[in-house]
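# Structure assessment
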2 protein chains.
Amino acid sequence: MRAMVFDGKLTCVDDYAVPSLSGDQALLRIRRAGICNTDLELVKGYMNYRGILGHEFVAEVVDGPAEWLGKRVVGEINVADGTCDLCARGIPSQCRGRTTVGMDRHPGAFADYLALTARNLHVVPDEVSDDAATFVEPLAAALQVTELTPITPSSRVIVIGAGKLGLLIAQVLKLTGADLAVVVRRDRPRSLLDQWGIPAVTLEELPAEHAQIVVDVTGSAEGFESALQLVEPRGTIVLKSTYVGLPQADLTRVVVKEVNVVGSRCGPFDAALRLLGQGLIDTQSMIDARYSIEDGLEAMEHSARPGALKVLLTF
Amino acid sequence: MRAMVFDGKLTCVDDYAVPSLSGDQALLRIRRAGICNTDLELVKGYMNYRGILGHEFVAEVVDGPAEWLGKRVVGEINVADGTCDLCARGIPSQCRGRTTVGMDRHPGAFADYLALTARNLHVVPDEVSDDAATFVEPLAAALQVTELTPITPSSRVIVIGAGKLGLLIAQVLKLTGADLAVVVRRDRPRSLLDQWGIPAVTLEELPAEHAQIVVDVTGSAEGFESALQLVEPRGTIVLKSTYVGLPQADLTRVVVKEVNVVGSRCGPFDAALRLLGQGLIDTQSMIDARYSIEDGLEAMEHSARPGALKVLLTF
């Protein structure tokens, strides 16, 4: 099968073995996949991953459990062992023994086929297109902001960083009715935010210590520093991006202002599918380009361009 | 009056002007005061403070509002303006316009007299000695851990750092019934913890990712790194010390483990007085030495010795 593989070097091959099934796995034929910033980090060495990349996808079940055959599905990326204390507490995404699709000891979705436990699958309703379904995983991650940090309609909320994930978070937070502003530097996300009726601002336009919740999607020390300036005492900073290296962080200010810093990772697929089914999230405007899986290297290069939004792989 | 003053250089003087009263201030004659690590940081330049040091004290009201005259009191250190949104929300300790006793644009308590708004005063019950009352401010700060992060009896909790504040936090957390361990390096705090029936451990004895709550009282990058190792996914790290400079912090791990980092500062004086009145906190064993205010420089030197516990100033 065709596959985009990272083994210290990124290559696209056409003779990768189709996976065989074990346990309750379903064999998925990938219909479409999306490139995430994490994929770009993985090929720089993050997580020390080796194997097929890709964790944003929509697929069709072509083999495995009978009740899933023929279904159009998306799949959660954390493959839990179902036996640890965190699984028992209903947090399989933080399972102590988990592997992660396309990221940590589990093959990814940038390939014709992927074998994945049926426990991770969600049926995609007809009203959600293949394009939109490819956004379920990152949209679920965006929803994890409000899953861990409930936001009320009267909250003052700032999102710093308007890349792919930041724009999804902005759309999700708009739905809370909160007083929302998004810090942008580039014209492209600014025009998307304008189109969605979400205030796009620069850092200089914002008063210090006035936001109850600041979502840092920058993954940079500067972003965290800005978040610390913008958040009010007793406010909350939600961290949504992994950081390059070990950023310097003003923990003294966290103490003195009694700030709450909440790390947030993968989120609820069901809710993401509901919002997409209801047409409440605009994914189409966020698609920059489509490449065939055979042109995967070119797609990754496109995705790495400064300011690039979603690049899709077709099969 | 006698006073210990920092004006870029630390001096003890005997001719400082007795403060005059304004507004609803009471004139306090200081009976006893305690030296805090923050005082040691202030003379190194923290907060850029100039003036009389000291914010842990017990005093007698000798002038001011009639209903306070003759009362033995302790005083909260955040002098709120009573007009900002945070005051209105019942968080005067985070008042946007606040000054702070002995720390930020307000004279401190290492002096014969201190003028302080009567709104900040709490009467000390007879069963609380002057020595114990001197611990009300740091004990309230210790209680702010459970004020912001409720701890249940079945929680697994670790305190890292067994200095003056860490030992008070350990005593407070013991009262929750939680499964508590305190990371210690020195013999002195180890023997105190033994005396109190609190498990004293080394980092190496603790399993990774197993604590629901880790309280970092080290104020060091290494302490925060240890906390990140010890806390379980979705667990909470409470920061209780200010940090020297800008520590490097593994924010990626905060994201991936979905950790909650809570800054915590000043706490409830009433609760501290109740616990001391009930004899539930051992402050006497934590007193290392007493010096007259005239020997304040010597007292500060003593307090700066590695492993020193509480040094009191007498008047």
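Note that the structure is predicted; figures quoted are calculated from it, not measured.

## Description of the pattern of salt bridges
Think of it this way: side chains of opposite charge can pair up when their charged atoms draw near. All names here are of chain A. All chains considered together, the criterion is met by 42 salt bridges over all chains. Linking Asp130 and Arg31 is a salt bridge whose minimum nitrogen-to-oxygen distance equals 2.8 Å. With Asp130 in helix H3 (residues 130-133) and Arg31 in strand S3 (residues 25-34), this residue pair connects regions lying 99 residues apart in the sequence. Residue classification places Asp130 among the buried residues on the basis of a relative accessible area of 11%.

## Considerations on unusual backbone geometry
Residues and elements named next belong to chain A. Even without being glycine, Arg105 reaches a positive phi, approximately 55 degrees. Within the fold, Arg105 resides in the loop between strand S8 (99-100) and strand S9 (113-117). Taking the relative accessible area as the measure of exposure, Arg105 reaches 58% and is therefore exposed. Phi at Glu258 is positive, roughly 50 degrees, even though this residue is not glycine. Relative to the assigned elements, Glu258 resides in the loop between helix H8 (251-256) and strand S16 (260-263).

## A look at the side chain of B:Asp131
Residues and elements named next belong to chain B. When you line up the elements, Asp131 lands in helix H3 (residues 130-133). Engagement of the side chain of Asp131 in a polar contact is seen with the side chain of Arg32, the distance being 2.6 Å. Within the structure, Asp131 has its side chain in polar contact with the side chain of Gln284 (distance 2.9 Å). Every residue in contact with Asp131, bar those within four places of it in the chain, is listed here: Arg32, Gln284, Ile287, Arg290 and Leu312.

## Observations regarding the relation of the copies chain B and chain A
The operation relating chain B to chain A is a screw motion whose rotation component is 180 degrees, with 0.0 Å of axial translation and a residual RMSD of 0.0 Å. The superposition of one copy onto the other is thereby described by a two-fold rotation axis. Proximity to the rotation axis, assessed at the C-alpha, singles out B:Gln248 in chain B; its C-alpha lies 2.1 Å from the axis. Interface overlap between copies: 100% of the residues of chain B at the interface are likewise at the interface in chain A, consistent with a symmetric, same-surface contact.

## A short note on the interface of chain B and chain A
Listed per partner, the contact involves 42 residues of chain B and 43 residues of chain A. Where chain B abuts chain A, roughly 3600 Å² becomes buried across the two surfaces, and 54% of that area is made up of carbon and sulfur atoms. Between chain B and chain A we count four salt bridges in total. The partner of B:Arg96 in a salt bridge is A:Glu232, and the shortest N-O contact between them spans 3.1 Å. Across the contact surface, chain B and chain A share 23 residue pairs in polar contact (both at pLDDT 80 or more). Secondary structure elements with two or more residues in the side of chain B that touches chain A: helix H2 (85-88), helix H4 (136-148), strand S15 (231-239), helix H8 (251-256) and strand S16 (260-263) of chain B. For the side of chain B that touches chain A, the element with the most residues is H8(B), which contributes five residues. Across the side of chain B that touches chain A, the residue classes tally to 19 nonpolar, 11 polar and 12 charged.

## A closer look at the packing of aromatic side chains
What the rule picks out here adds up to zero aromatic pairs over all chains. The ring of A:Phe135 carries the charged tip of A:Lys310 above its face, separated from the ring centre by 5.9 Å.

## Brief notes about the environment of A:Asp270
All names here are of chain A. Structurally, the position occupied by Asp270 is in helix H9 (residues 269-277). Assessed through its relative accessible area of 42%, Asp270 is described here as partly exposed. Engagement of the side chain of Asp270 in a polar contact is seen with the side chain of His122, the distance being 2.9 Å.

## Focus: the side chain of B:Thr117
All names here are of chain B. If you trace the backbone, Thr117 turns up in strand S9 (residues 113-117). Polar side-chain contacts of Thr117 include one of 2.9 Å to the side chain of Asp24. With residues up to four places along the chain from it excluded, the contact list for Thr117 reads Asp24, Gln25 and Val79.

## Remarks on the sheet that holds strand S1 (residues 3-6) of chain A
Residue and element names in this part refer to chain A. As summarised here, the arrangement of the three strands in space is S2-S1-S4, forming an open sheet in which the pairing is antiparallel. Edge positions in the open sheet fall to strand S2 (10-13) and strand S4 (51-52), since each of these has one partner strand only. When S1 meets S2, the two strands line up antiparallel, connected through four bridges. When the bridges of S2 are listed, Phe6 appears paired with Leu10. With respect to the sheet, helix H10 (residues 296-304) is in contact with S1 and S2, its orientation differing from that of S2 by roughly 140 degrees.

## Quick notes on the sheet that holds strand S1 (residues 3-6) of chain B
All names here are of chain B. A sheet is described by the order of its strands in space; here three strands give the open sequence S2-S1-S4, paired in antiparallel fashion. Pairing within the sheet leaves two strands with one partner each, and these edge strands are strand S2 (10-13) and strand S4 (51-52). Across the sheet, helix H10 (residues 296-304) touches S1 and S2, and the angle it forms with S2 is around 140 degrees.

## A word on the packing of H4(B) against helix H5 (residues 164-174) of chain B
When two helices pack together, their arrangement is captured by the angle between the axes and the distance separating the axes. Residue and element names in this part refer to chain B. Look at H4 against H5: their axes get within 9 Å of each other, and the N-to-C directions meet at 55 degrees. When the axes of H4 and H5 are compared, the pair comes out oblique. For the pair H4 and H5, the crossing hand works out as right-handed. On H5, the residues that touch Pro138, Leu139, Ala141, Ala142, Leu143, Val145 and Thr146 of H4 are Leu165, Leu168, Ile169, Val172 and Leu173.

## Description of the confidence of the model for chain A
Summarising the model, chain A shows a mean pLDDT of 97, and 100% of its residues fall at 70 or more. The ipTM assigned to the predicted complex is 0.92, against a pTM of 0.94.

## Observations regarding H9(A)
Taken together, the buried positions of H9(A) are A:Phe269, A:Ala271, A:Ala272, A:Leu273, A:Leu275 and A:Leu276. Looking one or two residues past H9(A), A:Gly279 carries a phi angle of roughly 70 degrees, positive in sign.

## Examining helix H5 (residues 164-174) of chain A
Within H5(A), nine of the 11 residues are buried, which leaves it mostly tucked inside the rest of the structure. Residues of H5(A) that are buried: A:Lys164, A:Gly166, A:Leu167, A:Leu168, A:Ile169, A:Ala170, A:Gln171, A:Val172 and A:Leu173.

## Some words on the environment of A:Val124
Residues and elements named next belong to chain A. Relative to the helices and strands, Val124 resides in the loop between strand S10 (121-123) and H3. When its relative accessible area of 3% is taken as the criterion, Val124 is described as buried. Sequence separation between Val124 and Ile91 is 33 residues; the distance between their C-alpha atoms is 23 Å. Not counting residues up to four positions away in its chain, the partners in contact with Val124 are Val58, Arg72, Val73, Val74, Ala133 and Leu273.

## Topic: the pairing of S9(B)
The two faces of the sheet receive side chains in turn, since in a regular strand these alternate between them. All names here are of chain B. For S9, a buried count of four out of five residues is recorded, marking the element as mostly surrounded by other parts of the structure. Bridge analysis of strand S3 (residues 25-34) against S9 gives five bridges, and the strand direction is antiparallel. Within S9, the position partnered with Gln25 by the bridge is Thr117.

## Digging into the pairing of S16(B)
The pairing of S16(A) with S16(B) spans three bridges and is classified as antiparallel. Bridge pairing in S16(B) links A:Asn260 to B:Val262. Pairing between S15(B) and S16(B): four bridges, direction parallel. Residue pairing across strands places B:Thr236 opposite B:Asn260, the latter belonging to S16(B). For the crossover that starts at S15(B), traverses H8(B) and ends in the parallel S16(B), the hand is right-handed.

Rules used in this analysis
- Residues numbered from 1 in each chain as written.
- Chains lettered and ligands numbered in written order.
- Predicted model: local features only at pLDDT ≥ 70, side-chain atom pairs only at ≥ 80, totals over all residues.
- Heavy atoms only, no water.
- Salt bridge = Lys/Arg side-chain N within 4 Å of Asp/Glu carboxyl O.
- Helix = DSSP H or I, 4+ residues; strand = E, 2+ residues; numbered from the N terminus.
- Buried < 20%, exposed > 50% of the residue type's maximum accessible area, 1.4 Å probe, protein only.
- Polar contact = N/O pair within 3.5 Å; in protein donor to acceptor, adjacent residues only side chain to side chain.
- Contact = heavy atoms within 4.5 Å.
- Least-squares fit on C-alpha atoms with pLDDT ≥ 70 in both.
- Buried area = accessible area lost by both parts, 1.4 Å probe.
- Nonpolar A, V, L, I, M, F, W, Y, C, P; charged D, E, K, R; others polar.
- Phe/Tyr/Trp six-rings, centres within 6.5 Å; stacked < 30°, edge-to-face > 60°.
- Lys NZ or Arg CZ within 6 Å of the ring centre and 35° of its normal.
- Pairing = 2+ DSSP bridges.
- Axes fitted to C-alpha atoms, helices over the stretch in contact; angles between N-to-C directions.
- Parallel < 35°, antiparallel > 145°, perpendicular 65-115°, else oblique.
- Left-handed = near helix turned anticlockwise from the far one by under 90°.
- pLDDT = per-residue confidence, 0-100.
- Right-handed = clockwise from strand over helix to strand, strands pointing away.

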